[in-house]
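# Coordinate analysis (summary)
The lines below spell out each chain.
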Amino acid sequence: MIKSYNLNDIVEMKKQHACGVNRFKIIRLGADVRIKCEACSRSIMIPRQVFDKKIKKIIEKGQGE
């Protein structure tokens, strides 16, 4: 379980998005986490507990704001 993610990090999820890519950028943190698909730019908001279970690894660290 990865707990050290921040805003603007690029993460790899266990499941792919409908467009076929599993790279997402974290654009909002709170009780819910909003992630944006790197390929089609659609955003998804999921509860933090679900996000913690579905994250696979951090690909790239971003500049946290």
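Further up the page is the structure itself.
Structure report, in brief. (Residues numbered from 1 in each chain as written. Predicted model: local features only at pLDDT ≥ 70, side-chain atom pairs only at ≥ 80, totals over all residues. Heavy atoms only, no water.)

A tally of regular secondary structure across the protein gives one helix and five strands. Ordered by position from N to C terminus, the α and β elements of the protein give β-β-β-β-α-β. Its C-alpha atoms give the protein a radius of gyration of 10 Å, within 12% of the compact-globule value 11 Å for 65 residues. C-alpha atoms of the protein, sized along the principal axes, occupy 25 × 25 × 20 Å. (Helix = DSSP H or I, 4+ residues; strand = E, 2+ residues; numbered from the N terminus. Rg over C-alpha atoms; globule rule 2.2 N^0.38 Å.)

Moving on: the packing of aromatic side chains. Evaluation of the coordinates by the stated rule reveals one aromatic pair. Taking the centre distance of 5.0 Å and the plane angle of 80 degrees together, the rings of Tyr-5 and Phe-51 count as edge-to-face. Here the residue Tyr-5 occupies a position in the segment before strand 1 (10-13), and Phe-51 occupies one in helix 1 (residues 48-54), the gap between them amounting to 46 residues. Phe-51 matches Tyr-5 in its accessibility class, with the two residues each being buried. (Phe/Tyr/Trp six-rings, centres within 6.5 Å; stacked < 30°, edge-to-face > 60°. Buried < 20%, exposed > 50% of the residue type's maximum accessible area, 1.4 Å probe, protein only.)

Pairing is antiparallel in the open sheet, where five strands are placed in the order 4-3-2-1-5. If you trace the sheet from one side to the other, it starts and ends with strand 4 (43-47) and strand 5 (55-60), each paired once. Pairwise comparison of adjacent strand axes, ignoring direction, gives a mean angle of 40 degrees for this sheet. Bridge count between strand 3 (residues 32-37) and strand 4: five bridges; the pairing is antiparallel. Bridging from a neighbouring strand, Asp-32 pairs with Pro-47 of strand 4. (Pairing = 2+ DSSP bridges. Axes fitted to C-alpha atoms, helices over the stretch in contact; angles between N-to-C directions.)

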